Amino acid sequence: MKIRSAKVIVTCPGRNMVTLKVETDEGVYGIGDATLNGREKAVVAYLEDHVIPTLIGKDPQRIEDTWQYLYRGAYWRRGPVTMTAIAAVDVALWDIKAKLANMPLYQLLGGKSREKVMVYGHATGLDIDSCLEEVQKHVDLGYKAVRVQCGIPGVPTTYGVAKEAGKPYEPADSSLPAEHVWSTEKYLNHVPKLFQAVRDQFGEDLHILHDAHHRLTPIQAARLGKEVEPYHLFWLEDCTPAEHQASYETIRQHTTTPLAIGEVFSSLHDCQELIQKQLIDYIRATITHAGGITNVRRIADFAALYHVKTGFHGATDLSPVCMGAALHFDTWVPNFGIQEHMPHTAETDAVFPHAYEFKDGFFTPGEVPGHGVDIDEELAAKYPYKPAYLPVNRLEDGTLWNW
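Values in this document were obtained by computation on a predicted structure and should not be read as measured data.

*Asks:* What am I meant to see in the sheet that holds strand β2 (residues 17–24) here?
*Replies:* In any sheet, the strands associate via hydrogen bonds between backbone groups, in a parallel or an antiparallel arrangement. One open sheet holds the 3 strands; their spatial order is β1-β2-β3, and the pairing between them is antiparallel. Each edge of the sheet is formed by a strand with only one pairing partner; in this case those strands are β1 (3–11) and β3 (29–33). Averaged over all pairs of adjacent strands, the angle between strand axes in this sheet comes to 20°, irrespective of strand direction. As paired elements, β1 and β2 share 8 bridges and run antiparallel to each other. When the sheet's bridge partners are listed, A6 is paired in β2 with V22.

If you want it as structure tokens, here you go:
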């Protein structure tokens, strides 16, 4: 069996999504997610100009060898564009291999470690009361874990909060990056009140998560982690950037609040020190951005040695292909923690028919061969690419303040 062809499909049925389809000379094909929000076309060019020509004629079942070839064969290793392109190939090849084996992907990885995958949803509000209303909606849907974010008094725009009450949260704008005003002190003074209100209304059984989105210094993050300890967060996410991994030592010394990070990581090297020194509790590296199943499996195995669990990113800027692959991985991985879930638009679900299902706060990946997600190319063509970018932030004095 040989790889006969490969092509990139770009569609925007809600968010821009990039899909790699790899076809064999025996008619079996696999697809992988190659979406990198705000830099989608960079990955498209990398795949079309540099990767696809090297795949033609290769054995699709040699997944590890292909991964090493694409990673080591380029002098310029790592980085989000390279690793997203490699991930797309890797997931497509795992999809093919599982189809050839006539089994769902989780079986090929080693079988189930659990019967279902716990996910968390996003509850946002312009203020605490409206956020509590959204939490209630998620509880009514069966969610056992909810990420809570609310508007900050005196701050015009706040990360994680929907632009309109009752609307789904969507961070990207169809324009050049928007510039938002941010006040760290107002945020630090207000957000513990949100967690107290959630606990007062919903008790201790609901898992609460929160994302600081890299907007705090290490000592500010330590302050927040310490102040929210009475509310027993499931995790505090991305409290400070981790380019300097040792900065998490400061946070760890001051709080027992569990810490999660990693959605922007592209390799084990980005989190090696964080894991090895047990400075975090959950690693959030995604299959799409961290080199595919082959590489994320290495990260998860390394994390298990240090009692660190997985908590994969699952935003709407990752396609259902990533969600399908992630759910199979979640079903297998021994040190699973939780899976993020932001529902895609109905249009997106139609473009990417899938076997995974949600029920009472949990997902199951489905039992069809492969990762269980396909793409309707004819329908995808009806949604052309639209430029869209995440916002940047400035402090009240105009200083750029971003992750």
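Here the narrative resumes.
*Asks:* Help me understand helix α2 (residues 63–72), please; the structure alone is not making it clear to me.
*Replies:* In an α-helix, one turn spans 3.6 residues, which is why side chains three or four residues apart end up on the same side. When α2 is considered as a whole, its buried residues turn out to be I63, T66, W67, L70 and Y71. The arc enclosing the buried residues of α2, seen along the axis, measures out at 125°, which places them on a common side. Next to the buried residues of α2 lie α1 (40–55), α3 (80–100) and α10 (292–304).

*Asks:* Honestly, the nonpolar core in this entry has me stumped. Any pointers?
*Replies:* Across soluble globular proteins, nonpolar side chains have a tendency to be buried as a group. If you look at the biggest cluster of nonpolar residues, it comprises 109 residues, and the most contacted ones within it are Y248 and F329. Contact partners of F329, with chain neighbours within four places excluded, come to L109, I287, I293, V296, R297, A300 and F312.

*Asks:* What is the right way to read unusual backbone geometry from this model?
*Replies:* Among all residues except glycine, the phi angle is most often negative; among peptide bonds, the trans geometry is most common. The backbone of H232 shows a phi angle near 50°, a positive value even though the residue is not glycine. Turning to its location among the elements, H232 is positioned in the loop between α7 (218–227) and β8 (235–237). You can call H232 partly exposed: its relative accessible area is 49%. Located in the positive-phi region is D238, a residue other than glycine, with phi close to 45°. Its place among the elements puts D238 in the loop between β8 and α8 (247–254). By relative accessible area, which is 0% here, D238 ends up buried.

*Asks:* I keep staring at the pattern of salt bridges and nothing clicks. Help me out?
*Replies:* A side chain of one charge can pair with a side chain of the opposite charge if their charged atoms are brought near each other. On inspection of all chains with the given rule, the structure shows 22 salt bridges. The residue R223 makes a salt bridge to E185 at a minimum N-O spacing of 3.0 Å. With R223 in helix α7 and E185 in helix α6 (residues 184–202), the pair connects residues that are 38 residues apart, well separated along the chain. Between E263 and R284 there is a salt bridge, with the nearest N and O atoms lying 2.9 Å from each other. Of this pair, E263 sits in the loop between β9 (259–261) and α9 (272–276) while R284 is found in the loop between β10 (282–283) and α10, placing the two residues 21 residues apart along the sequence.

*Asks:* I tried to follow the pairing of strand β7 (residues 207–211) on my own but got confused; where do I start?
*Replies:* Along any regular strand the residues' side chains alternate between the sheet's two faces. Burial analysis of β7 places 4 of its 5 residues in the buried class, which makes it a mostly covered element. Both strand β5 (residues 145–150) and β7 contribute to a ladder of 3 bridges, which runs parallel. Along β7, the bridge assignment pairs V146 with I208. As paired elements, β7 and β8 share 3 bridges and run parallel to each other. Bridge pairing in β8 links D211 to E237.

*Asks:* When you look at the environment of S183 in this model, what are you seeing that I'm missing?
*Replies:* Within the secondary structure layout, S183 lies in the loop between β6 (179–182) and α6. As a C-alpha pair, S183 and I152 span 31 residues in sequence and 8.8 Å in three-dimensional space.

Analysis parameters
- Counting restarts for each chain, with residues numbered from 1 along the sequence as it is written.
- With pLDDT at 70 or above as the cut-off, local features in this predicted model cover only qualifying residues; side-chain atom pairs require 80 or more to be listed or tallied, and sums for whole chains, interfaces and linings still use all residues.
- Water and hydrogen atoms were dropped before computing side-chain values, which therefore reflect all heavy atoms in the structure.
- Following DSSP output, two strands are said to pair if at least two bridges run between them.
- Only DSSP runs of H or I covering at least 4 residues are called helices, and only runs of E covering at least 2 are called strands; the numbering of each starts at the N terminus.
- Here an axis means a line fitted to C-alpha atoms, over the contact stretch when the element is a helix, while the angle between two N-to-C directions is reported on a 0 to 180 degree scale.
- For every residue, the accessible area (1.4 Å probe, protein chains only) is compared with the maximum for its type, and the residue is labelled buried under 20%, exposed over 50%, or partly exposed between those bounds.
- The directions from the helix axis to the C-beta atoms are what the arc is built from.
- Residue contacts follow a heavy-atom distance rule, with two residues in contact if any of their heavy atoms lie within 4.5 Å.
- Put simply, a nonpolar core is a bunch of buried Ala, Val, Leu, Ile, Met, Phe, Trp, Tyr and Cys residues held in one set by side-chain atoms that sit within 4.5 Å of each other.
- Here, a salt bridge means any Lys or Arg side-chain nitrogen found within 4 Å of an Asp or Glu carboxyl oxygen.

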